[in-house]
Amino acid sequence: MEQPTGLTLALDAVNRHVNSARPDAPVRPERPQRRRLAPARLAAAGALRRLADLMEPAPVPAPPCRP
């Protein structure tokens, strides 16, 4: 083969891909994601809720009772 480096890299990539689905494959623990947008999301939700309360139509008044 004219490109021995390419062959070596390809074999290494194939071996890592094939061995990654094995039961004894190395596992990296999943790190929890940082909650960077939580305060902004809470503020936006509160503002939208207040806006919805302002835009909500008034309830229809009950008809007077006739005896």
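About the thresholds
- What you see as residue numbers is a count from 1 along each chain, following the sequence as written.
- Per-residue local features are limited, in this predicted model, to residues with pLDDT of at least 70; the limit for side-chain atom pairs, both in listing and counting, is 80 or more; totals at the level of whole chains, interfaces and linings are taken over all residues.
- The side-chain numbers reported here are obtained from all heavy atoms of the structure, hydrogens and water having been left aside.
- Helical segments are the DSSP runs of H or I of at least four residues, strand segments are the runs of E of at least two, and each set is numbered from the N terminus.
- A simple rule labels every residue: compare its accessible area, found with a 1.4 Å probe on the protein chains alone, to the largest value its type can have, and call it buried under 20%, exposed over 50%, or partly exposed in between.
- Here Asp and Glu are counted as negative and Lys and Arg as positive; His is not counted, and neither are the chain ends.
- Note that the charge is assigned to NZ on lysines, CZ on arginines, CG on aspartates and CD on glutamates.
- Salt bridges are identified by distance alone: a Lys or Arg side-chain nitrogen within 4 Å of an Asp or Glu carboxyl oxygen.
- Patch membership is restricted to residues that have no salt bridge and whose relative accessible area is over 30%. Joining uses 9 Å for like charges and 5 Å for the nonpolar side chains Val, Leu, Ile, Met, Phe, Trp and Tyr.
- We get accessible surface area from the Shrake-Rupley algorithm with a probe of 1.4 Å; when it comes to residues, only the shown protein chains can shield them.

### Quick notes on the overall build of the chain
Reasoning step 1: Regarding its fold elements, the chain presents two helices and zero strands.
Reasoning step 2: Each of the three principal axes of the chain carries a C-alpha extent, and together these read 100 × 30 × 25 Å.
Reasoning step 3: In the chain, buried positions account for 1% of the 67 residues.
Reasoning step 4: The average position of the 11 basic charges and that of the 6 acidic charges among the side chains of the chain differ by 12 Å.

### Quick word on the pattern of salt bridges
Reasoning step 1: According to the stated counting rule, one finds two salt bridges in the structure shown.
Reasoning step 2: A salt bridge links R16 to D12, with the nearest nitrogen and oxygen atoms 3.3 Å apart. Here D12 and R16 lie together in helix 1 (residues 4-19), a separation of four residues that amounts to about one turn.

### A few points about the environment of L54
Reasoning step 1: As for its position among the elements, L54 is in helix 2 (residues 38-55).
Reasoning step 2: Separated by 25 residues in sequence, L54 and P29 have C-alpha atoms that sit 47 Å apart.

### Here's the deal with a nonpolar patch on the surface
Reasoning step 1: Nonpolar side chains collect at one region of the surface, where L48, L51, L54 and M55 lie side by side and expose about 490 Å² of accessible area between them.
Reasoning step 2: Residue position: M55 is located in helix 2.

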